[in-house]
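# Observations on the model geometry
What follows is each chain in one-letter form.
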Amino acid sequence: LNSMKINEEEEEEEEEEEEEEEEGEGEDKEHSDSSTSHDFTSIEETTEEDLRSSQSGWCSETCQELDVACDKTNSTTNNTKSNDFMSEEWIVFLRQSASEVVSGNITSMTQKSFILVVLSPLKSGAISSKLLHYVVTVLAIPFVTPNIQQTEKDLITQIYIETKVIPCLMQAFSNAFKSPARNCVSPVPPDNIGIQELDSLGSVLLLVEGLCLDKPIECLKQFTESIYFLKILPLLQKCLSLSHGNTHLVTNTLAVLILTLLYLPSNISLVQDIVIGKHLEGRISNVELHKLLRNNEEPSIRERTCVLLLHMTRLNPNCLSEIWHQTLTNDIEFLKNDSCPNVVQAAIYTSELLKKTQFYQVETEP
């Protein structure tokens, strides 16, 4: 890292920070304007546009937070011994790299050797949420920085595929549940993980989601293979149980599952195992769909839960029959009158498809 000539002068850092804030604010405004004029024509188009909007929104916020994040303390880090990957040199290096990309210099992001350097902290089982945040930020910034051509973004995505960015991100995702800092080998429930760590995990899944939108087949194959290889199906199921308190992690988990059904329908068994939990060891009975459908914190959770159920039913009409009950039917019918138009449209599509099954019975008033 020293050979990379990291510049730590305060004046240059302040200039870089100002540039990041300006770029981040401009990007927020751009995506805010585009989201208000969004027109839905079908449930699949609705889903993809919604996912793209959420990806861009988060990345823009990340660019703005880049300058202040270094001042935030990590409760877990304060109580554990620092390791090589948590050195201040790593933080300075990643901050400088992010600033260069924001300013329009993306040469390094098109070099495999550089991406491998950025990914190297993810191979440590003791990586902190703070460092994970910076790694994800550096990888995400090229896709929301103005004046970067689409051809350049496509090249960067291809570099990410070749350097196996998604498997590395999922490895970090898995390690977060088995951190040595907690003196545990087996995964711990998401409820026992700190808020900052959960936010970082949500960011990981959001970056995976964005890459899967750009190169769906290649990226989703790496994503699904990583799930099986790392045996993290139960972790994704538990993430969906966080229906209160951390909406980003829930919405991003729902998003990648929906994309899997859209672009790799042959992997429906993977999604079924997560949602229904039929073939999982040490599983919870199943994801509490009722809590997701009635979530009052975030409309996108209600919307994406409907869309997930729709595509599961589309690919396998009877896959939900074992866990279905009248309360879920009432929930979906209730969402037809939701205050959010996106939720209403998703509920209508889902209801119409589920009515074709034998287990979906709408109660009629006497």
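Note that this is a predicted model, so its numbers are computed, not measured.

### Quick word on the overall build of the protein
From N to C terminus, the protein includes 17 helices and zero strands. Counting all 366 residues of the protein, 53% fall into the buried class. Considering only contacts within the protein whose residues lie at least 6 apart along the sequence, 77% involve residues at least 24 apart. About 16700 Å² of surface is accessible on the protein, with carbon and sulfur atoms providing 47% of the total.

### Re helix 4 (residues 88-102)
Across its 15 residues, helix 4 extends 21 Å between first and last C-alpha, which sits within 8% of the 21 Å expected from 1.5 Å per residue. Counting buried positions along helix 4 yields twelve of 15 residues, so the element is predominantly enclosed. Every buried residue belonging to helix 4 is among W90, I91, V92, F93, L94, R95, Q96, S97, A98, S99, V101 and V102, and all of these are buried.

### As for unusual backbone geometry
Of note in this structure, N147 is not a glycine but carries a positive phi near 70 degrees. Non-glycine residue K231 carries a positive phi angle of around 55 degrees. Residue position: K231 is located in the loop between helix 10 (216-230) and helix 11 (233-239).

### Considering the confidence of the model for the protein
Interpretation of the predicted coordinates at a detailed level should be avoided for regions scoring low in pLDDT. A residue-level look at the protein finds 68% of positions with pLDDT of 70 or above and a mean pLDDT of 77. For the protein, per-element mean pLDDT is lowest for helix 3 (residues 75-78), which scores 41, and highest for helix 17 (residues 341-354), which scores 97. Throughout residues 1-16 the model reports pLDDT below 50, and contacts reaching past four residues in sequence, or to other chains, amount to 20 contacts. Low confidence marks residues 57-82, where pLDDT is under 50. Its contacts with residues over four positions away, or in another chain, come to 53 contacts.

### Digging into the packing of helix 8 (residues 165-176) against helix 9 (residues 195-214)
In contact at an axis separation of 10 Å, helix 8 and helix 9 are set at 160 degrees when each is read in the N-to-C sense. The pairing of helix 8 with helix 9 is recorded here as roughly antiparallel in orientation. Crossing hand, helix 8 versus helix 9: left-handed. On helix 9, the residues touching V165, I166, L169, M170, F173 and A176 of helix 8 are L201, V204, L205, L207, V208, L211 and C212. Taken together, the residues of the contact of helix 8 with helix 9 sort by class into 13 nonpolar, no polar and no charged.

### Points about the pattern of salt bridges
If the charged atoms of two oppositely charged side chains come close together, the side chains can form a pair. Inspection of every chain in the model, using the stated rule, returns six salt bridges. Between K112 and E162 there is a salt bridge; the shortest N-O distance is 2.6 Å. Taken as a pair, K112 in helix 5 (residues 112-119) and E162 in helix 7 (residues 150-162) lie far apart in primary sequence, 50 residues in all. For K112, a relative accessible area of 42% translates into the label partly exposed. With relative accessibility at 39%, the residue E162 sits in the partly exposed group. Two residues, R294 and D331, come together in a salt bridge whose shortest N-O distance is 3.0 Å. A residue pair is termed long-range when its members are at least 10 positions apart, and R294 in the loop between helix 14 (289-293) and helix 15 (299-315) and D331 in helix 16 (residues 326-335) qualify at 37 residues. Classification of D331 as buried rests on a relative accessible area of 2%.

### With respect to the packing of aromatic side chains
All chains considered together, the criterion is met by five aromatic pairs. Both rings, one in F143 and one in Y160, keep their centres 5.9 Å apart while their planes meet at 70 degrees; by these two values the pair is edge-to-face. Placement of the pair is F143 in the loop between helix 6 (129-140) and helix 7 and Y160 in helix 7, with a sequence separation of 17 residues. Residue classification places Y160 among the buried positions, given a relative accessible area of 2%.

### Section: the side chain of T224
Looking at where T224 falls in the secondary structure, it is placed in helix 10. Since its relative accessible area comes to 5%, T224 is described here as buried. In this structure the side chain of T224 is engaged in a polar contact, spanning 3.1 Å, whose partner is the backbone oxygen of K221. With residues up to four places along the chain from it excluded, the contact list for T224 reads T260, L264, N267 and L270.

### Re the packing of helix 8 against helix 10
Across the interface, helix 8 lies against helix 10 with an axial gap of 9 Å and an inter-helix angle of 35 degrees. The hand of the helix 8/helix 10 crossing is right-handed. Touching I166, P167, M170, Q171 and S174 of helix 8 are C219, Q222, F223, S226 and L230, all from helix 10. Residue composition of the contact of helix 8 with helix 10, grouped by class: six nonpolar, four polar and no charged.

Conventions and cut-offs
- Think of each chain on its own: its residues are numbered from 1, step by step along the sequence as written.
- In view of the model being predicted, local features appear only for residues whose pLDDT reaches at least 70, and side-chain atom pairs are presented and counted only at 80 or more, with totals across whole chains, interfaces and linings using the full set of residues.
- Side-chain measures were taken over the full set of non-hydrogen atoms in the model, leaving aside hydrogen atoms and water.
- The numbering of helices and of strands both runs from the N terminus, where a helix is a DSSP run of H or I of at least 4 residues and a strand a run of E of at least 2.
- Only protein chains enter the accessibility calculation, which uses a 1.4 Å probe. A residue is then buried if its area is under 20% of the maximum for its type, exposed if over 50%, and partly exposed in between.
- Whether two residues are in contact is decided by their heavy atoms: any pair within 4.5 Å suffices.
- The Shrake-Rupley method, run with a 1.4 Å probe, gives the accessible areas here. Residue values count only the displayed protein chains as cover.
- Given a helix with a known number of residues, its expected span is that number minus one, times 1.5 Å.
- In predicted models, pLDDT denotes the confidence assigned by the predictor to each residue on a 0 to 100 scale.
- Axis angles are defined between N-to-C directions and span 0 to 180 degrees, where every axis is a line fitted to C-alpha atoms and, for a helix, only to the segment in contact.
- Put simply, angles under 35 degrees are roughly parallel, angles over 145 are roughly antiparallel, angles from 65 to 115 are roughly perpendicular, and the rest are oblique.
- By definition, turning the near helix anticlockwise from the far helix through less than a right angle yields a left-handed crossing, and turning it clockwise yields a right-handed one.
- Here the nonpolar group is Ala, Val, Leu, Ile, Met, Phe, Trp, Tyr, Cys and Pro; Asp, Glu, Lys and Arg are the charged ones; every other residue, Gly included, is treated as polar.
- When a carboxyl oxygen of Asp or Glu lies within 4 Å of a side-chain nitrogen of Lys or Arg, that pair is called a salt bridge.
- The rule is short: rings of Phe, Tyr and Trp, with Trp giving its six-membered ring, pair when the centres are within 6.5 Å, and they are stacked under 30 degrees, edge-to-face over 60, tilted in between.
- Counted as a polar contact is a pair of N or O atoms within 3.5 Å, where, for protein atoms, one must be capable of donating a hydrogen and the other of accepting one, and residues adjacent in sequence contribute only when both atoms are in side chains.

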